[in-house]
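Spelled out, the chains give:
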Amino acid sequence: ESDAKGKIVITGKKFTEQVILTHLLAEYVKANTDLDVEVKDSLGGAFMLQQAIENGDVDMYVEYTGTGYLNILKQPYDPAKTPEQIYNETKKLYKEKYNIAWLKPLGFNNTYALAMRRDLAEKLGVKTYSDLVKHSSSLTFGSDAEFFERSDGYDGLVDTYGFHFKKTVNIDPDLQYEAAKNGEIDVITAYTTDARIKKYDLVVLKDDKHYFPPYHAVPIIRQEVLDANPGLEEKLNKLTNILTDEKMMKLNGEVNLEGKQPREVAIDFLKKEGLID
Ligand code: PBE
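A quick note: this is a predicted structure, and the numbers were derived from the prediction, not measured.

Thresholds applied
- Residues numbered from 1 in each chain as written.
- Predicted model: local features only at pLDDT ≥ 70, side-chain atom pairs only at ≥ 80, totals over all residues.
- Heavy atoms only, no water.
- Helix = DSSP H or I, 4+ residues; strand = E, 2+ residues; numbered from the N terminus.
- Rg over C-alpha atoms; globule rule 2.2 N^0.38 Å.
- Contact = heavy atoms within 4.5 Å.
- Areas by Shrake-Rupley, 256 points an atom, 1.4 Å probe, with all protein chains shown as cover.
- Lys, Arg positive; Asp, Glu negative; His and termini not counted.
- Charge placed at Lys NZ, Arg CZ, Asp CG, Glu CD.
- Axes fitted to C-alpha atoms, helices over the stretch in contact; angles between N-to-C directions.
- Parallel < 35°, antiparallel > 145°, perpendicular 65-115°, else oblique.
- Left-handed = near helix turned anticlockwise from the far one by under 90°.
- Nonpolar A, V, L, I, M, F, W, Y, C, P; charged D, E, K, R; others polar.
- Pairing = 2+ DSSP bridges.
- Near = heavy atom within 4 Å.
- Polar contact = N/O pair within 3.5 Å; in protein donor to acceptor, adjacent residues only side chain to side chain.
- Buried < 20%, exposed > 50% of the residue type's maximum accessible area, 1.4 Å probe, protein only.

Chemist: Before we go on, may I ask you to explain the overall build of the chain in this structure?
Modeler: Looking only at helices and strands, the chain features 13 helices and 10 strands. Relative to the 2.2 N^0.38 estimate, which gives 19 Å for 277 residues, the radius of gyration of the chain is 19 Å and therefore close to what a compact globule would have. Based on the C-alpha atoms only, the size of the chain along its principal axes is roughly 65 × 40 × 30 Å. Here the contacts in the chain between residues at least 6 apart in sequence split such that 76% fall between residues at least 24 apart. Roughly 12,500 Å² of accessible area belongs to the chain as shown, and the carbon and sulfur atoms make up 47% of that amount. One way to put it: in the chain the 36 positive side-chain charges average out to a point 3 Å from where the 46 negative ones average out.

Chemist: Help me understand the packing of helix α12 (residues 245-256) against helix α13 (residues 262-272), please; the structure alone is not making it clear to me.
Modeler: Axis angle and axis distance: for two packed helices, these are the angle between their axes and the distance between the axes, and together they describe the pair. Closest axis-to-axis distance for the α12/α13 pair is 9 Å, and the angle between their directions is 140°. Relative to α13, α12 is oriented oblique. Note that α12 runs across α13; the crossing there is right-handed. Every residue of α13 that contacts α12 at K247, L251, E254 and V255 is listed here: P262, V265 and F269. Taken together, the residues of the contact of α12 with α13 break down into 5 nonpolar, no polar and 2 charged.

Chemist: Explain the sheet that holds strand β7 (residues 167-170) here, please?
Modeler: The strands making up a sheet are joined through hydrogen bonds of the backbone, oriented either antiparallel or parallel. Spatially, the 5 strands line up as an open sheet ordered β7-β6-β8-β5-β9, and their pairing is mixed. On the outer flanks of this sheet lie β7 and β9 (202-204), each paired with one strand and no other. When strand polarity is set aside, the average angle formed by the axes of neighbouring strands in this sheet is 35°. Sheet topology places strand β6 (residues 140-143) next to β7; 4 bridges connect them, and they run parallel.

Chemist: It is not clear to me how the site of the ligand should be interpreted in this structure. Could you clarify?
Modeler: Lining the immediate surroundings of the ligand are K13, F15, Y64, T67, N110, Y112, R150, Y191 and Y215. Measuring from an oxygen atom of the ligand, one finds a side-chain N or O atom of K13 at 3.0 Å. At 2.6 Å, a side-chain N or O of T67 approaches an oxygen atom of the ligand. Here the ligand loses 99% of its free accessible area of 280 Å² to cover by the protein chains.

Chemist: Mind showing me how you'd approach the environment of E224 here?
Modeler: Relative to the elements of secondary structure, E224 occurs in helix α10 (residues 223-228). The class for E224 is partly exposed, based on a relative accessible area of 45%.

It is worth stressing that arrangement in space is one thing and function is another; only the former is reported here.
Here is the structure:
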């Protein structure tokens, strides 16, 4: 038996959706294979996780197509490309460069979207990112620290549209919705599967120049782990399209609005879908 067989280490990034998905993968693998599953606390964002999976410190997590494509692979984004093309190219390049496999998509797209309080958006008459440009010098912009470092992040956004925000603020991604609602920050980079957008009546503006790529959620796993465990890939691909944007938003809301535990939400969902007993 090789060392790679027997155990699988699963992790995720530091925001609610990722914690739910970590447990969803972990509980599914526990119930459907004889692998030992270790859930590792989040190590950070995309760059940290890429290092960890390349080193073999972790075996699997959920990444988003546009994130892998632009930030890890450093590919230039062409908005004419379809989500399927982005997925296929990302999958191919990860395999070649890192021996990491992209499994099939879970079925939802969690993109960044500039969002603001409805009364502010209506007062300014802002519906699209372009509408926002002439008001930007009187508005504060907040996002998570990673956004200011990313290839699909702040600098490119500002270049594409010509924004000049009054001030920028780093904020935990799980706290930005409250901050927008309370008027502490005017414009946030909401994650579109977050239930707090609707709950707090925030308006998502239209990315009219198609700056942001598609971000379909996909479990990624070290190819060595798949090779050591025949049948594992097939089992994991039973998770294909189990979620939609609406379903993911609902699960996120169960944690962020109803106060449930992410693991409990993941287990209930898997049971309902008949994926675990
Ligand atoms: N996203 C949007 C980011 C955070 C929000 C899911 C594409 C990411 O984790 O890459």
